[in-house]
Each structure stands twice: as structure tokens, then as C-alpha cells.
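# Examining the three-dimensional arrangement
The primary structure of each chain is shown beneath.
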Amino acid sequence: MASRLHLLRAPHSSPAPGSVTRAPAPPRSRWQRWKPIAAAALLLTAGLAPAAAQAPPRQLTVDAIYHPERRVDFSGAPASDITWLDATTYLTPQRGSRGVQWMRVDAASGQGTPLFDAGRMEDALAALPGVARADAAQAARSGDLVFNAARTGTLLTLADDLYAYDFATGQAARLTTAAGTEEEAMFSPDGRTVAFVRGNNLHVVDVASRTERALTRDGSAEILNGKLDWLYQEEIYGRGRFRAFWWSPDSSRVAFLQLDERPVPEYTVVDHIPYRPALEVTDYPKAGDPNPLVRLGIARAAGGEPAWVDLAGYAATEFLIVNVDWTPDSRQVVHQVQDREQTWLDLNLADAATGSARRILRETTKAWVAENGNPVWLKDGSFLWPSERSGFKHLYHYRADGTLVRQVTNGRWEVRSLYGVDEARGVLYFAAPERSPIDTDIYRVGLDGTGLLRLSQSAGTHRAIFNPAFTDYVDVWNDVLTPSQVRLHRADGTERRVIDANPVRTASEYRLAPPEFVKVKARDGFVMDAMLIKPPDFDPSRRYPVYQFTYAGPGAAQVRNQWGGTQYMFHQLLAQHGVIVWVHDNRSASGQGAESQWPVYGRLGERELEDLEDGISWLKQQPYVDASRIVISGWSYGGFMAAYALTHSTSWSAGIVGAPVTDWRDYDSIYTERLMKLPKNNPDGYRRTAPRFAADALHGRMLLIHGTMDDNVHMQNTVQFAYELQRAGKQFESMIYPRSRHGISDARLNTHLRQLMFDFVMRTVGSTPVTAPASTATR
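Judged by nonpolar contacts, the single largest core of 98 residues is most densely connected at Tyr-232 and Leu-257. It is helix 9 (residues 637–648) that contributes the most residues to this core, 8 residues altogether. With 44 residues, the next largest nonpolar core counts Tyr-66, Val-581, Val-583 and Ala-654 among its residues.

Written as C-alpha cells, this is what we have:
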């Protein structure tokens with residue numbers, strides 16, 4: 001213990017940058033031990049009765065994996081939703097028959113008490129005019145409560161109005177009464193004020209007095225204040241996140257984005273189920289179309305006209321504002337700006353009172369520049385900055401004026417997450433795949449770049465949640481064989497206790513095959529990761545058909561040592577029916593740094609196909625593979641890749657093409673232009689990489705699938721592709737899913753989809769599909 005504390009307090013005495021020290025292995029239960037792949041079948045039955053006393057293994061079915069009433073829970077529900085309240089206590093939701101009870105838990109003992117009395121809260125809400133008892137009961141046991149920073153109260157939405165509830169006093173109050181829906185409501189850091197968007201205008205309301213103020217007044221259907229449009233939430237700030245305002249740490253101001261949608265072309269999707277089809281219209285710029293105009297405003301919570309950040313230096317170019325934050329002293333607004341094609345990124349600071357701005361640094365690379373998060377500020381005003389300039393995302397220490405102090409992390413691996421900085425001990429904590437691209441581990445390193453130490457022991461995927469004092473962390477871990485488990489660790493990596501072993505035993509009832517991770521060399525020597533799942537009764541003297549699952553998009557690895565949930569079980573289902581499953585990451589999809597992604601710049605599909613073909617070449621050399629029966633399958637970017645492969649190669653005998661981009665001119669501007677540039681700057685690249693324009697070269701059988709209300713990759717892609725296939729005289733199979741978006745979220749429709757895919761694979765490889773008995777068919 002003394003030596004480990006010495007490393008924490010004196011990182012300068014640790015090994016030099018680039019060398020890795022291993023933390024001492026903590027005591028490990030059978031649930032923590034890394035299980036070699038070859039021992040998978042044994043471990044899947046660990047803790048059960050001897051084999052002679054067990055029932056025969058069950059056979060997987062599509063219904064067992066996906067059906068809303070008949071599916072089996074293979075993943076469990078680990079208690080991984082944890083928020084630290086202080087150094088010794090955390091908050092977690094506990095789900096029960098009546099809803100969610102929020103529990104305050106002592107980290108060391110695991111003893112928990114309710115954060116608040118849900119019955120008391122229900123009574124307080126139900127006593128307010130217009131609040132029904134049933135609505136109050138549901139709200140008091142909701143898993144979606146918006147807490148203040150101190151966790152002493154919460155914000156609720158009932159019947160399009162905001163309500164606040166104080167845990168200590170048991171008092172509930174209605175905060176808003178005006179017509180219209182309040183969106184994206186959020187407490188100020190001091191908990192005294194709530195900001196929200198109504199009618200695309202930014203408002204605040206005082207919690208104590210219920211006094212409401214509008215901070216903007218020009219909002220409309222085309223002018224969005226404090227709220228993102230589809231494009232910005234999907235491609236910049238994160239899918240499902242529409243909030244576009246940020247409180248200052250001192251609660252005095254709110255920074256916000258204003259988006260002007262008037263130049264943006266609209267796109268319409270149709271719900272065909274009603275007798276009169278319902279139209280849904282969205283502002284959606286395709287590659288080359290006008291983007292929304294963006295401004296960054298700063299409003300005083302007390303009211304008055306907003307100040308606008310000076311962006312005049314970008315007037316000559318179309319630009320994007322890709323991140324916003326505040327300096328800890330609340331005096332400056334941090335904002336990141338990129339050009340439309342995202343070939344550079346500026347980190348800027350704007351004066352909160354006047355809006356005057358200055359640039360701190362500019363990032364460039366050999367291709368596009370990814371937005372990697374905001375600076376992490378230190379007490380002396382310096383900051384840590386994530387950058388991919390070297391080809392791998394690493395952390396750099398900068399002074400406040402933008403001069404570089406040093407590179408903190410270094411190596412041919414990437415920093416995947418920065419967990420935080422313990423300035424008292426001079427160390428920071430982060431996640432990285434330093435030992436293997438398919439794993440994610442927890443690391444500590446000194447702020448001076450020395451003393452790199454891996455804290456996690458078990459191979460697999462680790463996610464850390466550190467307490468505010470950086471004395472303990474919760475580790476959420478899983479691997480390819482094991483659903484997520486949750487443990488409490490000291491900051492030196494030693495285990496304190498198991499929070500949730502999540503002992504899911506259902507998988508042991510089924511005949512599952514152990515996955516195998518393999519390395520495959522591309523034609524130029526680049527080493528790629530892949531995973532094989534062979535049939536449980538694999539016979540090396542036989543020749544088996546292959547199902548290849550792909551995504552292939554930049555930075556979106558599918559070969560990971562992590563639990564795969566229902567997708568993994570679908571692959572096991574295919575293996576049980578005599579099909580080898582092959583998952584292979586082309587270099588640009590791997591977790592091997594930004595430099596492995598850049599070769600696809602301006603030519604999506606081409607380099608990926610070379611890598612996938614090299615994987616197939618390796619596969620075909622295996623004596624147990626039938627090279628004439630290989631099916632490729634993908635969705636979204638994977639659907640594009642499957643369509644591209646079937647029209648530009650003869651390596652696959654069949655393919656499933658789900659929700660594909662079939663012409664990059666059809667996809668949204670920000671994502672597409674980042675990777676392909678503007679169409680006017682790369683016309684040949686756009687034409688050459690569009691499967692629709694190579695329809696006459698289709699090789700093999702194809703199943704083409706799309707949701708009719710896909711508002712991300714529009715069904716237009718599939719229709720255009722189908723049209724060109726038909727004109728070329730190419731036969732193919734097709735299926736549409738009404739009322740479905742980019743993913744098929746209706747559980748019954750998703751079950752249908754998976755049965756469709758399974759049956760197609762079985763038909764195309766010459767096997768007999770197994771379908772549900774007529775007596776269990778869904779009505």
C-alpha cells in the first residue's frame with residue numbers, strides 16, 4: 001500500500017513516458033477472473049449443478065432473442081447507473097414493480113436509503129390543482145427526474161408545465177403556467193433558477209418566486225434559440241441531445257446557440273398507415289445543401305438583450321459551432337469553430353460581457369478534424385486538451401494563452417475517455433486500449449506524463465466512474481462472454497467490494513460456441529482484428545458457409561472484447577444452424593487511432609472493401625470454409641458497405657443490405673462532407689462510391705431492407721438503388737417496415753426483421769430455416 005500511495009503522490013518518480021506499470025492484481029472472485037476463450041463452454045455452466053443432472057441444452061430461436069413476450073434475458077440488469085454524491089456516497093435508481101426508487105448508497109458497505117420519500121412526493125404533487133393522483137404517482141417514481149446539483153430537489157414535467165419538488169420540506173410547486181411545451185429544462189448550478197425552451201425561445205424561471213423571464217424573443221419555426229435542429233444533434237452534439245444552452249458556473253448567465261433554418265431545404269417522410277397519410281417535414285441539408293446559420297449568444301439570467309459572440313473572423317467561410325462551455329471563473333465562454341468541411345478546428349474564448357473573442361489554438365490533420373471534447377481546466381488556469389494531431393487521440397497540457405506545456409499521454413494507442421484530474425496528487429485518470437485495440441482499460445498517469453499505470457486487470461471493456469475526491473471508482477466491466485458486472489475499487493485499482501455480479505445464468509442453458517479473436521494482415525501488412533464463431537459441434541473436416549457482419553464506418557469497431565447482447569445471440573443462433581459467423585474490422589473501423597481512418601478520406605467504400613476482401617482471402621484459406629457460400633450483412637454505414645461490396649466485388653455470394661446510403665449525395669451535410677468533402681470539390685469521389693450507379697454489376701443474391709419513416713438515412717436511398725437494379729435487370733429481394741425509423745424499434749417488427757434475415761441466410765447458404773411453430777405465432 002505504501003508504495004502505491006507513493007506512486008500516487010510522486011508520479012515524477014515513476015517510469016518514463018511510454019512505459020507501463022501494472023497495478024497489483026486485486027483479489028478476484030470467479031466473476032472477475034478473465035476466462036480464456038478456449039474455456040468458454042466450461043465457464044458458461046459455472047455455479048450450476050453437475051452436467052449429468054442438467055437438462056439438455058436448449059436451442060436458440062429468433063423469438064427467444066427478440067420477441068417482446070417470449071424473449072429470454074441474456075444480459076441482466078446490472079446496477080451501473082451510478083452518480084457520486086460525495087467521496088463516500090453515490091446515487092442509483094432501484095427499479096421495482098411500482099417504478100423507480102432513487103437510493104443514496106454508502107459505497108463501502110452497500111447500505112442504501114431512499115434519497116426522498118416517493119409517497120410524500122406523490123401526495124405533495126397530487127395536492128396541487130390540476131395534477132391527477134395517477135400522474136403524481138408516476139412522476140414520483142420516474143427514472144427521468146431532473147435533479148439540482150446538490151440533489152436536494154427535482155424538476156418534473158406534468159401536462160406541459162414544469163413543477164419543482166424540495167426533498168427536505170416536502171413542498172411541491174408549479175413553476176410555469178403559460179401555453180406551450182417547456183423543453184430541455186435544466187437547473188442552474190446553484191439550484192435557484194431553471195432554464196428551458198418554449199416556442200424556440202430561451203426562458204428562465206425563479207424557483208422560489210416563480211417569476212419567469214424570456215431571454216430571447218425572436219424564436220419561431222425557423223429560428224431556434226437554445227435548441228438544436230436534427231442535423232446538429234445527430235452529427236455534432238450527440239443523438240437525442242437537443243439542448244443548446246449552457247449555464248455559467250456562477251449561475252449568472254446562459255450561453256446558447258441560435259440556429260436559423262431558413263436556408264435549409266426540407267425533407268418529408270410519410271406515415272402510410274392512416275387513411276390519409278401523415279407527413280413529417282424536417283429541415284435536412286444533404287451534402288452540398290445550405291446548412292443552418294449559427295450564432296452564439298450570451299444572456300444574463302436577470303434579463304436584458306443577449307450579447308452575441310464576435311464571429312466576424314469567419315464571415316468569409318461557412319462555419320459550424322461544434323462545442324460550447326465556460327471557463328471555471330464564468331468570465332469567458334469557450335467555443336469551438338470548424339469550417340464546413342471540418343479540415344480545421346479553432347478553440348476560442350469569448351468575453352461573457354461583451355462577446356469579443358480570441359483564438360487560443362487551431363487543430364489540423366492530414367484529413368478531417370474530429371471534435372474531441374472541451375478543455376479540462378486546472379486550478380492555475382491551464383488546461384488539458386485532447387487532440388488527434390499525431391494520428392492517435394492523446395492529451396496535451398496547455399497554458400491559458402494557448403502555449404503548449406507538454407504532451408501528457410503518448411503511444412500508438414488512443415485515449416478513449418478522460419475521467420478526471422486529481423490535482424492534489426498530480427495525476428489524471430483515463431480509458432485507453434493500450435494493451436489491445438479490442439479492450440478498454442483504466443489508466444493513471446502523472447500530469448508530467450510519467451508513471452503510466454494500468455489499474456484494471458481483467459481483459460475486456462472497463463468503464464470507470466470516479467468519486468469527486470478521486471479516492472475510489474466504480475468499474476463497470478464486461479467481456480465477450482460475460483454481461484456487465486459492477487465493482488468498487490480504490491484509486492490504486494484494488495477491489496473494495498462487488499456492487500453487482502449480475503449472475504446471468506440463462507446463457508448456460510443454451511448450446512453456445514466460444515468466440516475466437518484472430519489477427520488478419522491486409523495486403524500492405526496492416527494488422528486487422530476479427531472474430532470467429534464456429535458451430536458448437538464444429539467438425540474441422542467439414543466445409544461451412546459464412547455469415548459476415550460488418551459496419552465498416554470510421555472509428556466504429558465491431559470486434560471488441562465486450563458483451564454483445566442480442567446481436568451476439570443472433571450470431572450464436574446462426575452458428576447453431578451450421579453457419580460460421582465472421583466479424584472483421586477494416587482498418588478505418590478499428591480502434592487503432594485516427595491515422596487508420598484517414599486513408600478513406602474522399603473515397604468511402606474503396607479502401608474498406610480492399611481490407612474486407614483481404615479478410616475474406618484469409619478466411620478462404622481455412623480448410624473448413626466453403627468459399628462459395630459467404631453472406632455479408634450490414635445496417636446503415638454497414639448497409640452501404642454491403643451494397644458497395646455486392647456491386648464492386650465477387651467475394652460474397654449474397655448479402656443483406658439494411659437502411660443503406662446508396663449515394664452520398666443523399667446523406668446529411670455535416671457527416672458526409674467531413675469524410676467526402678463538398679460534392680463540388682470531389683465530384684468523381686461521390687459518383688465512384690455510390691452503389692446505385694454500379695447496380696448493373698450486382699453479384700449474388702441480395703435482400704434490401706428499409707424503414708419507411710427513416711429520418712436519418714432516408715428510404716429514398718433504397719428506392720433509388722432499387723430503381724437502378726430494376727433498370728439493369730437485376731433480381732433482388734426487398735422488405736419495408738412501416739412507421740420505422742433508422743432502427744426498427746417496434747419489438748414485433750424487429751422480431752419479423754430478424755426472422756427475415758435468418759431465413760434469408762439459411763436459404764442462400766442452402767440450409768433449411770427453423771421457424772416458430774404455428775401454435776406460437778403472434779396474432
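Picking up after the structure, the text goes on.
Reading across from one edge, 10-11-12-13 is the order of the 4 strands in this open sheet, with antiparallel pairing throughout. Only two strands of the sheet have a single partner each, and these edge strands are strand 10 (183–187) and strand 13 (212–214). Sheet twist, expressed as the average angle between the axes of neighbouring strands with direction ignored, equals 20 degrees. Examined bridge by bridge, strand 10 and strand 11 (residues 193–198) share 3 bridges and lie antiparallel to one another. Across the sheet, residue Phe-187 finds its bridge partner in strand 11, namely Val-194.

With that out of the way, let us pick up the sheet that holds strand 41 (residues 625–635). Here we have 8 strands laid out as an open sheet, ordered 37-38-40-39-41-42-43-44, and mixed in their pairing. Each having just a single partner strand, strand 37 (516–521) and strand 44 (733–737) make up the two edges of the open sheet. Averaged over all neighbouring strand pairs, the angle between strand axes comes to 20 degrees, with direction disregarded. Across 6 bridges, the pairing between strand 37 and strand 38 (residues 527–533) is antiparallel. Bridging across to strand 38, Glu-516 finds its partner in Leu-532.

Before going further, it helps to examine the packing of aromatic side chains. As enumerated under the stated definition, the model contains 38 aromatic pairs in all. Taking 5.8 Å as the distance between ring centres and 40 degrees as the angle between the ring planes, the aromatic pair formed by Tyr-314 and Phe-319 counts as tilted. Side by side, Tyr-314 and Phe-319 carry an identical accessibility label, which is buried. When the centroid spacing of 6.0 Å and the interplanar angle of 5 degrees are considered together, the rings of Trp-413 and Phe-430 count as stacked. With Trp-413 in the loop between strand 28 (404–407) and strand 29 (417–422) and Phe-430 in strand 30 (residues 427–432), this residue pair connects regions lying 17 residues apart in the sequence. Just as Trp-413 is buried, Phe-430 falls in that class too.

What counts, and where the lines are drawn
Residues numbered from 1 in each chain as written. Predicted model: local features only at pLDDT ≥ 70, side-chain atom pairs only at ≥ 80, totals over all residues. Heavy atoms only, no water. Core = buried A, V, L, I, M, F, W, Y, C linked by side-chain atoms within 4.5 Å. Buried < 20%, exposed > 50% of the residue type's maximum accessible area, 1.4 Å probe, protein only. Helix = DSSP H or I, 4+ residues; strand = E, 2+ residues; numbered from the N terminus. Pairing = 2+ DSSP bridges. Axes fitted to C-alpha atoms, helices over the stretch in contact; angles between N-to-C directions. Phe/Tyr/Trp six-rings, centres within 6.5 Å; stacked < 30°, edge-to-face > 60°.

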